[in-house]
Amino acid sequence: MKGLFWLLSCIVLSFFSLSVHSSPNCTDYCTIKSISLSPIQGINLLSPDGTKYLVNQLDPATQKTQIYIGNVGSDELTCITCTQYPNGPSPHRYHYQPAWHPSGEWIFMSVENDYYYVDLLLFKVYIINGTCDGPDAVCSAVLGWIQSGIYVNLWVCSIDGVHCYQLTNFSQENLANGYTGPAISPDGKTLVWSQIVGNPLVYVPFGGWQLIRANFEIVNGLPTINNETNITPNGMNWNEPGCFNPVNGDLLYLTGSFDDSNQQGMDQYVLNVRTGDLVDLNNTPSIWDEHGLVSPNGKLLIFTSAYPYRADSSSSTVAGYKTEIMMMNAVNGSGQVQLTHFRTPGYVESGDASAAVAFWNRDGNMIFMYTISSNFN
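The structure displayed is predicted, hence computed values, not measured ones.

### Regarding the sheet that holds strand E9 (residues 115–119)
Logical step 1: Taken in spatial order, the three strands of this open sheet run E9-E10-E11, and their pairing is antiparallel. The two strands at the open ends of the sheet, each matched to only one other strand, are E9 and strand E11 (131–132).
Logical step 2: As paired elements, E9 and strand E10 (residues 124–128) share five bridges and run antiparallel to each other. Bridging from a neighbouring strand, tyrosine 116 pairs with isoleucine 127 of E10.
Logical step 3: Helix H2 (residues 136–147) contacts E9, E10 and E11 of the sheet and is inclined by roughly 115 degrees relative to E9.

This is the structure:
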């Protein structure tokens, strides 16, 4: 959701769990059994074996967002990025975009760079060692850009946080200056991320991004990446990787737009990373469709969409953003259904919220949803 958070400067983020029933033949897969507010707030991701979970939360001591780990069935959390270890990232940097390696032994994350600046033409605002020296409005915008994948690098850490390794070298001096992702293949050997390389004044409003595939290996106990390859579909300068199909590791689900003049209209695509074949699952290029994630059986795709509010063209813009969680067939995009009703009276989730992103549980019978609201109870 590049660009969204820095424009919505006064928001409340809430986490819901949604229990769903999916029939085997996928013809009647949208029976909602229950919906409730999650007792643990912040993005939380289950480990591959289902015994642990990750939470992305603000640490009161450092006032930086950190990565926490907990055991399923317990609310007790342990911060794995709050302590400075040799060669590891500083706890005085923001940490976002946590993701499990399929082995369950490694955790990917984005970490704020030590040094960077915002060029405001008349002057520059420098951020050095996590401290912003500019006006509050600019520093608030910087946090939104970090959340959106700018001014960060890709790191991977052991699950106790003791051993961490920086995998990329993004900076303002190099071609790329941040990323979103990564999507990780089911066998854990392939990573795909999107790295920013283009100015948002040219590619409006999110900038130009390249989709990069790389091999991930453990060599002599050390995580490494190699064979980085640009796999961006021709003309898709706005792209964001979602996930690989857990059943077919050649299929990558991603968000993308071919309209450089208005990237806010975006669709869900499936890209065969081996053949390059690309399929548009939505075919609604003027509507905001983002953050698609595939069910564990590889058949269903949940995603964030402004389609229920298509009569209001502003709903597919950063300023007027209004979305719900929807679901469709992951193969051909058929059978699209609306799962949530955040702005419809009479539902337990009713209010003024919009859907941000959703995640499947290990069994595919529950969805965890992250919402955005300016005034949500």
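Okay, back to it.
### With respect to the sheet that holds strand E15 (residues 190–198)
Logical step 1: Spatial strand order, E14-E15-E16-E17: four strands in an open sheet with antiparallel pairing. Strands with a single pairing partner mark the edges of an open sheet, and in this sheet they are strand E14 (179–184) and strand E17 (222–230). Adjacent strand axes in the sheet meet at a mean angle of 30 degrees, parallel and antiparallel pairs treated alike.
Logical step 2: Pairing geometry for strand E16 (residues 208–219) and E17, over seven bridges, is antiparallel. Residue pairing for E17: valine 219 is matched across the bridge by leucine 222.

### Details of the pairing of E16
Logical step 1: Pairing of E15 with E16, which is carried by eight bridges, proceeds in the antiparallel orientation. Residue tryptophan 193 lies in a different strand from E16, and its bridge partner there is isoleucine 212.
Logical step 2: Joining the antiparallel neighbours E16 and E17 is a turn of two residues, in which asparagine 220 adopts a positive phi near 55 degrees.

### Digging into the state of the cysteines
In protein structure, a disulfide is the covalent linkage between the sulfur atoms of two cysteines.
Logical step 1: Under the defined criterion, the tally for this structure stands at three disulfides.
Logical step 2: Each sulfur in the disulfide pair cysteine 79 and cysteine 82 lies 2.0 Å from the other. Given an S-S torsion of about 85 degrees, the disulfide between cysteine 79 and cysteine 82 has right-handed geometry.
Logical step 3: A sulfur-sulfur distance of 2.0 Å marks the disulfide that ties cysteine 132 to cysteine 139. Between cysteine 132 and cysteine 139, the disulfide has an S-S torsion of -85 degrees and is therefore left-handed.
Logical step 4: Each bonded cysteine in the chain gets a number by its place in the sequence, and the pairs come out as 1-2, 3-4, 5-6.

### Observations regarding the side chain of asparagine 272
Logical step 1: Looking at the element boundaries, asparagine 272 is found in strand E20 (residues 267–272).
Logical step 2: Using a relative accessible area of 13% as the deciding quantity, one classes asparagine 272 as buried.
Logical step 3: Here the side chain of asparagine 272 touches threonine 275 through a polar contact of 3.0 Å, landing on its backbone nitrogen.
Logical step 4: Among residues more than four places away in sequence, those in contact with asparagine 272 are Asp250, Leu251 and Asp277.

### A short note on the side chain of glutamate 112
Logical step 1: Assignment of secondary structure puts glutamate 112 in strand E8 (residues 106–112).
Logical step 2: Buried glutamate 112, no salt bridge; nearest opposite-charge side chain is lysine 64, N-O distance 4.2 Å.
Logical step 3: Within the local environment of glutamate 112, its side chain forms a polar contact with the side chain of tyrosine 116, the two groups lying 2.6 Å apart.
Logical step 4: Contacts of glutamate 112, omitting those with residues within four sequence positions, involve Lys64, Arg93, Tyr94, Ile127, Gly130, Ile146, Tyr151 and Val152.

### Here's the deal with the packing of aromatic side chains
Logical step 1: Counting across every chain of the model gives twelve aromatic pairs.
Logical step 2: With centroids separated by 4.5 Å and ring planes inclined at 15 degrees, the aromatic side chains of tyrosine 116 and tyrosine 151 adopt a geometry described as stacked. With tyrosine 116 in strand E9 and tyrosine 151 in the loop between H2 and strand E12 (152–158), this residue pair connects regions lying 35 residues apart in the sequence. The same class applies to tyrosine 116 and to tyrosine 151, which are both buried.
Logical step 3: Ring centres 6.1 Å apart and planes at 35 degrees place the aromatic pair phenylalanine 170 and tyrosine 179 in the tilted group. You'll find phenylalanine 170 and tyrosine 179 in the same group, each marked buried.
Logical step 4: Linked through ring pairs, Phe206, Trp238, Trp288 and Tyr321 together constitute an aromatic cluster.
Logical step 5: The lysine or arginine in question, lysine 124, covers the ring of tyrosine 117, its NZ or CZ lying 4.5 Å from the ring centre.

Thresholds, definitions, all that
- Residues numbered from 1 in each chain as written.
- Predicted model: local features only at pLDDT ≥ 70, side-chain atom pairs only at ≥ 80, totals over all residues.
- Heavy atoms only, no water.
- Pairing = 2+ DSSP bridges.
- Helix = DSSP H or I, 4+ residues; strand = E, 2+ residues; numbered from the N terminus.
- Contact = heavy atoms within 4.5 Å.
- Axes fitted to C-alpha atoms, helices over the stretch in contact; angles between N-to-C directions.
- Disulfide = S-S within 2.5 Å.
- Buried < 20%, exposed > 50% of the residue type's maximum accessible area, 1.4 Å probe, protein only.
- Polar contact = N/O pair within 3.5 Å; in protein donor to acceptor, adjacent residues only side chain to side chain.
- Lys, Arg positive; Asp, Glu negative; His and termini not counted.
- Salt bridge = Lys/Arg side-chain N within 4 Å of Asp/Glu carboxyl O.
- Phe/Tyr/Trp six-rings, centres within 6.5 Å; stacked < 30°, edge-to-face > 60°.
- Lys NZ or Arg CZ within 6 Å of the ring centre and 35° of its normal.

Function-wise, these values are silent; they only describe arrangement.
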